[in-house]
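Single-letter residue listing:
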Amino acid sequence: KAKEEGRNTFLFYSSELTSQAFEYVLLKSALKKALDKEELFLVYQPQILLEDESLIGMETLLRWKHSELGMVSPARFIPIAEQSGLIRQIGQWVLEKACAQGQLWLEQGLLVGRIAVNVSGPQFHADSFVEEVRLALHSSGLPAAHLELEVTESFFVQQTDTIIAKLETLRKMGIKFSVDDFGTGYSSLSYLKKLPIDKLKIDQSFLHGIPEDRDNVAITESIIALGQALNLSVIAEGVETHEQASFLKQYAKLEAQGYLFSKPLEVADIEQFMRQASDR
Ligand code: C2E
Ligand code: MG
Ligand code: MG
Ligand code: MG
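Not measured: the values here are computed from a predicted model.

Visitor: Please clarify how the side chain of E39 should be interpreted in this entry.
Guide: Looking at the secondary structure, you find E39 in the loop between helix 2 (19–34) and strand 1 (40–49). Classification of E39 by relative accessible area gives buried; the value is 7%. In contact with E39, not counting residues within four places along its chain, are A30, A34, R63, W64, K65, H66 and S67.

Visitor: When you look at the site of ligand 1 in this model, what are you seeing that I'm missing?
Guide: Ligand 1 sits among 22 residues. The nearest are R63, D180, Q204, E240 and Y259. Side-chain polar atom of R63 to an oxygen atom of ligand 1: 2.8 Å apart, as the coordinates give it. Between ligand 1 and the protein, one listed contact pairs an oxygen atom with a backbone N or O atom of Y259 at 2.8 Å. In isolation ligand 1 exposes 790 Å². Once the protein is present, 82% of that is buried. With respect to the pocket detection grid, ligand 1 is positioned in the largest pocket. Where the shell around ligand 1 is concerned, the elements lending two or more residues are strand 2 (54–66), helix 3 (74–84) and strand 6 (176–182). Along the lines of polarity and charge, the residues of the shell around ligand 1 split into nine nonpolar, six polar and seven charged.

Visitor: Is there a simple way to think about the packing of aromatic side chains in this case?
Guide: Think of a pair of aromatic rings as described by two things: how far the centres are apart, and how the planes are tilted against each other in angle. Applying the stated criterion to the full structure yields seven aromatic pairs. Measuring from centroid to centroid gives 4.9 Å for Y44 and W105, while their planes differ by 75°, and the two rings are edge-to-face. Pair noted here: Y44 is in strand 1 and W105 is in helix 4 (residues 87–107), with a separation of 61 residues, a long-range link. Accessibility assignment for this pair places Y44 and W105 in one class, buried. Ring geometry for F124 versus F129: centroids 5.5 Å apart, planes at 55°, classification tilted. Across the pair, exposure class does not vary: F124 and F129 are buried alike. Grouping aromatic residues by their ring pairs yields a cluster made of F124, F129, F155, F156 and Y191. When the ring centre of F124 is taken as origin, the NZ or CZ atom of K166, which lies over that ring, is 5.4 Å away. We note K263 situated over the ring of Y259; from NZ or CZ to the ring centre the distance is 4.6 Å.

Visitor: Help me understand helix 2 in this model?
Guide: In an α-helix, one turn spans 3.6 residues; hence positions three or four apart end up facing the same way. If you check helix 2, its first and last C-alpha atoms are 22 Å apart, about what 16 residues at 1.5 Å a residue would give, namely 22 Å. Burial in helix 2 covers these residues: L27, A30, L31 and A34. Taken down its axis, helix 2 places every buried residue within 105° of arc, on the same side. Opposite the packed face of helix 2, turned more than 90 degrees from it, sit the exposed residues V25 and K32. Packed against the buried residues of helix 2 are strand 1, strand 2, strand 3 (70–72), helix 3 and helix 4.

Visitor: I keep staring at the packing of helix 4 against helix 6 (residues 129–140) and nothing clicks. Help me out?
Guide: Each pair of packed helices can be summarised by the angle the axes make with each other and by the distance between the axes. In the contact formed by helix 4 and helix 6, the axes pass within 8 Å of each other and the chain directions differ by 30°. For helix 4 against helix 6, the interelement crossing comes out right-handed. Where helix 4 abuts helix 6, its residues R88, Q92, L95, E96, C99, A100 and Q103 lie against E132, V133, L135, A136, L137 and S140. Of the residues in the contact of helix 4 with helix 6, the class split is seven nonpolar, three polar and three charged.

Visitor: Would you take a moment to explain the nonpolar core for this structure?
Guide: As a rule of thumb, nonpolar side chains are buried together in soluble globular proteins. In this structure, L147, L149 and F156 are the most contacted members of the largest nonpolar core, which totals 80 residues. With seven residues, helix 4 is the single largest residue contributor to this core. In this structure, L147 is in contact with C99, R114, I115, V117, V133, L137, L142, G174, I175 and K176, ignoring residues within four places of it in sequence.

Visitor: Help me understand the coordination of the magnesium ion (ligand 2) in this model?
Guide: Note on metal geometry: ideal angles are 109.5 degrees for four donors arranged tetrahedrally and 90 or 180 degrees for six donors arranged octahedrally. Around the magnesium ion (ligand 2), the protein supplies E59 (OE), N118 (OD1), E150 (OE) and D180 (OD) as donor atoms, at distances of 2.0 to 2.2 Å. Sequence spacing of the donor residues for the magnesium ion (ligand 2), all on one chain, is E-x58-N-x31-E-x29-D. The metal-metal distance between the magnesium ion (ligand 2) and the magnesium ion (ligand 3) is 4.4 Å. One end of the pair, N118, is in strand 4 (residues 114–118); the other, E150, is in strand 5 (residues 147–152), and 32 residues separate them in sequence. The exposure class of N118 is partly exposed, given its relative accessible area of 29%. Residue classification places E150 among the buried positions, given a relative accessible area of 1%.

Visitor: Sorry if this is basic, but what is going on with unusual backbone geometry here?
Guide: Trans is the prevailing form of peptide bonds, just as negative phi is the prevailing case for residues other than glycine. Residue P211 is bonded to the preceding I210 through a cis peptide linkage, with omega at 10°. Within the secondary structure, P211 sits in the loop between strand 7 (199–202) and helix 9 (214–229). Phi at E38 is positive, roughly 55°, even though this residue is not glycine. Of note, E38 is situated in the loop between helix 2 and strand 1. You can call E38 exposed: its relative accessible area is 70%.

Criteria and cut-off values
Residues numbered from 1 in each chain as written. Chains lettered and ligands numbered in written order. Predicted model: local features only at pLDDT ≥ 70, side-chain atom pairs only at ≥ 80, totals over all residues. Heavy atoms only, no water. Helix = DSSP H or I, 4+ residues; strand = E, 2+ residues; numbered from the N terminus. Buried < 20%, exposed > 50% of the residue type's maximum accessible area, 1.4 Å probe, protein only. Contact = heavy atoms within 4.5 Å. Near = heavy atom within 4 Å. Polar contact = N/O pair within 3.5 Å; in protein donor to acceptor, adjacent residues only side chain to side chain. Areas by Shrake-Rupley, 256 points an atom, 1.4 Å probe, with all protein chains shown as cover. 1 Å grid on protein atoms, 1.4 Å probe; cavity = no way out; pocket = protein on both sides within 12 Å on 5 of 7 lines; lining within 4 Å. Sits in = over half its atoms within 2 Å of the grid points. Nonpolar A, V, L, I, M, F, W, Y, C, P; charged D, E, K, R; others polar. Phe/Tyr/Trp six-rings, centres within 6.5 Å; stacked < 30°, edge-to-face > 60°. Lys NZ or Arg CZ within 6 Å of the ring centre and 35° of its normal. Expected span 1.5 Å × (residues − 1). Arc of directions from axis to C-beta. Axes fitted to C-alpha atoms, helices over the stretch in contact; angles between N-to-C directions. Left-handed = near helix turned anticlockwise from the far one by under 90°. Core = buried A, V, L, I, M, F, W, Y, C linked by side-chain atoms within 4.5 Å. Donors = N, O, S within 2.8 Å, 3.2 Å for Na, K, Ca; no water.

Scope: geometric values only; no functional claims are made or implied.
Following this line, the structure appears as structure tokens:
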């Protein structure tokens, strides 16, 4: 009885702990072990050119399958990885794994365009970042021209020489940079003029309700116009419906990514997708 009460007391107090703090501690310690336990893996989502629906590349997305918790969403574990500093090691693993996979597909004649990899702030801002990217390319053999790095506006809140130099070094190697979740950050637009970037990824929240939602149509059209004016590529994220796609199709060279074309797929399935795309 006492034991039972003890257990209940523990449960009582643990549920009283701010659940966020508890979750942080729990997931952080599990995440620490995830790499060694091979619980992390990558999925890939196709990116297409709207006007002819041709495949132009794909985005690498990280997945975590914990033995007891099951699938843990990146929306939950990426912030924890960032706060704890684990993201540097995890991010490097993603980069190396994605480059190795890209090179394999290149050898098999399957890779079209670029393989995009999400990069976190703490990863990008580390002094060793350029060397880490070089290492991933070198050890995999993937030509830099097939790699794209996704960063966010928050990276550019401060426009320091170090940040610009880093971008320039990597771009000179042939790597392209896209700005993820564009329009949701807090930075000023002036960075677009100064920073060497290549592509804007319209945040999926702006795609909701298009073409009926007037506000989202206005925002989406402004981003497309901004991209065109600044000579940047533009891709719409989170395209789910034919209505969205046919609305977006009226803009020349606009790219898209979303469930309408494909969900993020595991290796075998994305390979099948790439084969079908090359048969078309
Ligand atoms: P993100 O980079 O903006 O990735 C797009 C997210 O939208 C992905 O969620 C993707 O699965 C989802 N998505 C794609 N198409 C659709 C659609 O049509 N509708 C809807 N509703 N969602 C769609 P996911 O995979 O859960 O990733 C969430 C975020 O976690 C990513 O947002 C990215 O910020 C981060 N993340 C994922 N993998 C990595 C990684 O390897 N490194 C880092 N640093 N962050 C990552
Ligand atoms: Mg992304
Ligand atoms: Mg993102
Ligand atoms: Mg995004």
